[in-house]
Amino acid sequence: MCTDAPALVEAIRSLAVRGAPLLGIAGAYGVALAAARGFDVPEAARTLEGARPTAVNLSVGVRRAESAHRAALARTGDPTAAAVAALAEARALHQEDAEASARMAAHGLTLLDELLPAGGHRILTHCNTGSLVSGGEGTAFAVALAAHRAGRLRRLWVDETRPLLQGARLTAYEAARSGMPYTLLTDNAAGSLFAAGEVDAVLIGADRIAADGSVANKVGSYPLAVLARYHHVPFIVVAPVTTIDPDTPDGASIEVEQRPGFEVTEVVAPQVAATGAAGGIPVAPLGTQAYNPAFDVTPPELVTAIVTEQGVVSPVTAESLAEACALSRRGADPA
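The rules behind these values
- For every chain, the first residue of the written sequence is number 1, and numbering continues from 1 onward in sequence order.
- Residues qualify for local features only when their pLDDT is at least 70, as the model is predicted, and side-chain atom pairs are given and counted only at 80 or more; totals for whole chains, interfaces and linings, by contrast, use all residues.
- Water and hydrogen atoms play no part in the side-chain values, which are based on all heavy atoms of the structure.
- Under the DSSP-based scheme used, a helix requires at least four consecutive residues in state H or I and a strand at least two consecutive residues in state E, with every element numbered from the N terminus.
- Only the C-alpha atoms count toward the radius of gyration. The rule for a globule is 2.2 Å times the residue count to the power 0.38.
- Burial here depends on accessible area, computed with a 1.4 Å probe over protein chains only, as a share of the maximum for the residue type. Under 20% is buried, over 50% is exposed, and the range in between is partly exposed.
- The criterion used for residue contact is that any of the two residues' heavy atoms lie within 4.5 Å.
- Grid points spaced at 1 Å and placed over the protein atoms alone form the basis of the search, with a cavity being a set where a 1.4 Å probe fits but cannot get out and a pocket an open set showing protein on both sides within 12 Å along at least five of seven lines. Lining residues have an atom within 4 Å of a point.
- Grid points are joined across faces, edges and corners, and a volume is the space filled by probe spheres set on the points.
- Just so you know the grouping, Ala, Val, Leu, Ile, Met, Phe, Trp, Tyr, Cys and Pro go in nonpolar, Asp, Glu, Lys and Arg go in charged, and all remaining residues, Gly too, go in polar.
- Two strands qualify as a pair provided DSSP detects at least 2 bridges between them.
- Salt bridges are counted wherever a side-chain nitrogen of Lys or Arg sits within 4 Å of a carboxyl oxygen of Asp or Glu.
- UniProt positions are given in the numbering used here, feature names are shortened, and annotations may be inferred rather than shown by experiment.
- Nitrogen and oxygen atoms within 3.5 Å of one another constitute a polar contact, given that in protein one can donate a hydrogen and the other can accept it, and given that sequence-neighbouring residues count only through two side-chain atoms.
- For helices, the fitted line uses only the C-alpha atoms of the stretch in contact; every axis is such a line through C-alpha atoms, and the angle between N-to-C directions lies from 0 to 180 degrees.
- Each helix crossing is assigned a hand: it is left-handed if the near helix lies turned anticlockwise from the far helix by less than a right angle, otherwise right-handed if that turn is clockwise.

### So, the overall build of the chain
For step 1, the next point in the chain: From N to C terminus, the chain includes 12 helices and 13 strands.
For step 2, the next point in the chain: In terms of overall size, the chain behaves like a compact globule, its C-alpha atoms giving a radius of gyration of 20 Å where 335 residues would be expected to give roughly 20 Å.
For step 3, the next point in the chain: Its C-alpha atoms give the chain principal-axis dimensions of about 65 × 55 × 40 Å.
For step 4, the next point in the chain: Among the 335 residues that make up the chain, the fraction classed as buried is 52%.
For step 5, the next point in the chain: Counted over contacts in the chain with a minimum sequence separation of 6, partners at least 24 positions apart contribute 76%.

Spelled out as structure tokens, the structure:
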């Protein structure tokens with residue numbers, strides 16, 4: 001339980017709280033919590049924003065709640081009223097995310113049915129994108145779940161997602177809980193799965209989408225995009241419009257977080273790894289340096305479509321993404 005903003009910052013950094021939509025919600029509640037506890041709200045907001053630099057939704061949630069707090073404070077001069085306003089904004093964002101999740105699931109299922117009219121979808125997913133990272137039922141996982149409920153999911157292939165195993169620990173759990181047909185695989189087995197013709201579509205989420213359509217997501221996503229292109233399989237990104245960052249022009253401009261090396265050089269129970277403390281069983285010689293980025297970036301030309309709550313963006317271009325953002329600002333839904 002996080003009883004103040006510093007505790008929430010640590011929970012975010014340790015991945016106890018993770019996933020783009022949930023980070024936005026948590027960031028907004030963190031600002032409201034700081035206001036209610038009498039902390040310096042601008043300072044708490046900046047600290048929260050910096051907890052996961054790649055995830056743009058975190059900044060969006062923090063700034064929304066901070067803006068509501070600032071406006072109420074300027075209007076009333078009452079810190080209590082300002083804290084109430086920040087909490088109301090956080091709750092509104094939470095509800096909006098739940099609604100966006102349902103709309104993304106519907107748009108995504110329609111797209112799958114258009115691309116794969118024969119049904120019996122075999123979907124490969126990476127990391128965790130279900131209700132554990134969302135105010136609703138998730139992003140990419142919500143689409144697969146909608147396909148399952150419609151009787152059109154044949155198999156959900158779940159990447160284990162090294163090194164912290166979010167796929168094995170979380171996505172497999174959500175799939176089992178929902179009664180979905182699923183199979184877990186090691187990340188490096190995906191190529192053989194494609195070669196065997198066992199994948200009809202790849203569905204992933206996103207932590208940040210640049211203005212040109214470059215997609216930052218959990219490391220291991222880019223290789224899947226390359227495999228999908230070679231094997232003529234749709235590669236679909238599912239993310240709310242808040243994940244699109246018009247201020248980040250391209251993939252090269254996305255800051256990619258580097259995780260601790262011990263996550264790679266040691267076998268650590270995920271619960272321990274999430275605390276940020278080493279102390280597992282070494283699997284590499286002492287002193288081995290590890291390359292451990294949290295994310296990789298997929299260029300837009302490898303992305304078949306981006307599914308948002310506003311509809312499907314395809315082809316993925318700077319112009320089409322700007323239009324989706326404009327529709328969101330106007331509160332319109334083309335579907």
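Back to the text.
### Looking at the layout of surface pockets
For step 1, the next point in the chain: Taken as a whole, the largest pocket holds about 390 Å³ of empty space.
For step 2, the next point in the chain: Across the lining of the largest pocket, the residue classes tally to eight nonpolar, three polar and seven charged.
For step 3, the next point in the chain: Volume-wise, the second largest pocket comes out at about 330 Å³.
For step 4, the next point in the chain: Looking at the second largest pocket, it is lined by 20 residues, and the ones nearest its centre are Glu96, Asp97, Ala100, Thr242 and Glu309.
For step 5, the next point in the chain: For the lining of the second largest pocket, the secondary structure elements donating two or more residues are helix 2 (20-37), helix 4 (56-76) and helix 5 (79-115).
For step 6, the next point in the chain: A total of six residues in the lining of the second largest pocket trace back to one element, the largest contributor, which is helix 5.
For step 7, the next point in the chain: A per-class count over the lining of the second largest pocket returns seven nonpolar, seven polar and six charged.

### Overview of the sheet that holds strand 6 (residues 215-218)
Hydrogen bonds along the backbone pair up the strands of a sheet, which may run parallel or antiparallel.
For step 1, the next point in the chain: If you trace the four strands from one edge of the open sheet to the other, you get 8-5-6-11, paired in mixed fashion. Lying at the two open borders of the sheet, with one neighbouring strand each, are strand 8 (244-245) and strand 11 (295-298).
For step 2, the next point in the chain: Relative to strand 11, strand 6 runs antiparallel, the two sharing four bridges. The residue bridging Asn217 from the neighbouring strand is Asp296, located in strand 11.

### A look at helix 6 (residues 140-149)
Since the α-helix turns once every 3.6 residues, residues separated by three or four places project in the same direction.
For step 1, the next point in the chain: Here helix 6 lies mainly inside the structure; eight of its 10 residues are buried.
For step 2, the next point in the chain: Within the span of helix 6, buried status applies to Ala140, Phe141, Ala142, Val143, Ala144, Leu145, Ala146 and Ala147.
For step 3, the next point in the chain: Its buried side turned inward, helix 6 meets helix 5, strand 1 (121-125), strand 2 (153-159), helix 7 (166-177), strand 4 (201-204) and strand 7 (235-238).
For step 4, the next point in the chain: Looking one or two places after helix 6, you find Gly151, whose phi comes out positive at around 75°.

### Topic: empty space enclosed by the protein
For step 1, the next point in the chain: Scanning all chains against the criterion turns up three cavities of 30 Å³ or more.
For step 2, the next point in the chain: Taken as a whole, the largest cavity encloses approximately 180 Å³ of empty space.
For step 3, the next point in the chain: Looking at the largest cavity, it is lined by 22 residues, and the ones nearest its centre are Arg18, Gly19, Ala20, Asn128 and Asp207.
For step 4, the next point in the chain: Secondary structure elements with two or more residues in the lining of the largest cavity: helix 2 and strand 6.

### Quick notes on the pattern of salt bridges
For step 1, the next point in the chain: This model, assessed by the stated rule, comprises 15 salt bridges.
For step 2, the next point in the chain: One salt bridge connects Glu66 with Arg46, and the closest N-O pair in it is separated by 2.8 Å. You can see Glu66 sitting in helix 4 and its partner Arg46 sitting in helix 3 (residues 41-49), a full 20 residues away along the chain.
For step 3, the next point in the chain: Between Glu257 and Arg259 there is a salt bridge whose closest N-O contact spans 3.2 Å. An identical accessibility class is assigned to Glu257 and Arg259; each is buried.
For step 4, the next point in the chain: Three or more residues joined by partner-sharing salt bridges are found here, namely Arg46, Glu49, Arg63, Glu66 and Arg70.

### What about the UniProt feature "binding site: substrate" (unreviewed entry) in the chain?
For step 1, the next point in the chain: According to UniProt, the positions carrying the feature "binding site: substrate" (unreviewed entry) are Arg18, Gly19, Ala20, Arg52, Gln166, Asn217 and Lys218. In the annotated set above, the residues contributing to the lining of the largest cavity are Arg18, Gly19, Ala20, Arg52, Gln166, Asn217 and Lys218.
For step 2, the next point in the chain: Tracing the backbone shows Arg18 in the loop between helix 1 (5-13) and helix 2.
For step 3, the next point in the chain: Here Arg18 is in contact with Leu23, Cys127, Asn128, Leu132, Val133, Gln166 and Leu170, once residues within four sequence places are set aside.
For step 4, the next point in the chain: Among the polar contacts made by the side chain of Arg18, one reaches the main-chain carbonyl oxygen of Asn128 at a distance of 3.2 Å.
For step 5, the next point in the chain: The topology assignment puts Gln166 in helix 7.
For step 6, the next point in the chain: Using a relative accessible area of 3% as the deciding quantity, one classes Gln166 as buried.
For step 7, the next point in the chain: Among residues more than four places away in sequence, those in contact with Gln166 are Leu15, Arg18, Cys127, Asn128, Glu160, Thr161, Thr171 and Lys218.

### Some words on the packing of helix 4 against helix 5
For step 1, the next point in the chain: The contact between helix 4 and helix 5 brings their axes to 8 Å, and the two run at 150°. Helix-helix and strand crossings are classified by hand; for helix 4 and helix 5 the assignment is right-handed. Of the residues in helix 5, those touching helix 4 at Gly61, Arg64, Ala65, Ala68, His69, Ala72, Leu73 and Thr76 are Pro79, Ala81, Ala82, Ala83, Ala85, Ala86, Glu89, Ala92, Leu93 and Glu96.
For step 2, the next point in the chain: Among the residues making up the contact of helix 4 with helix 5, the classes are represented as 12 nonpolar, three polar and three charged.

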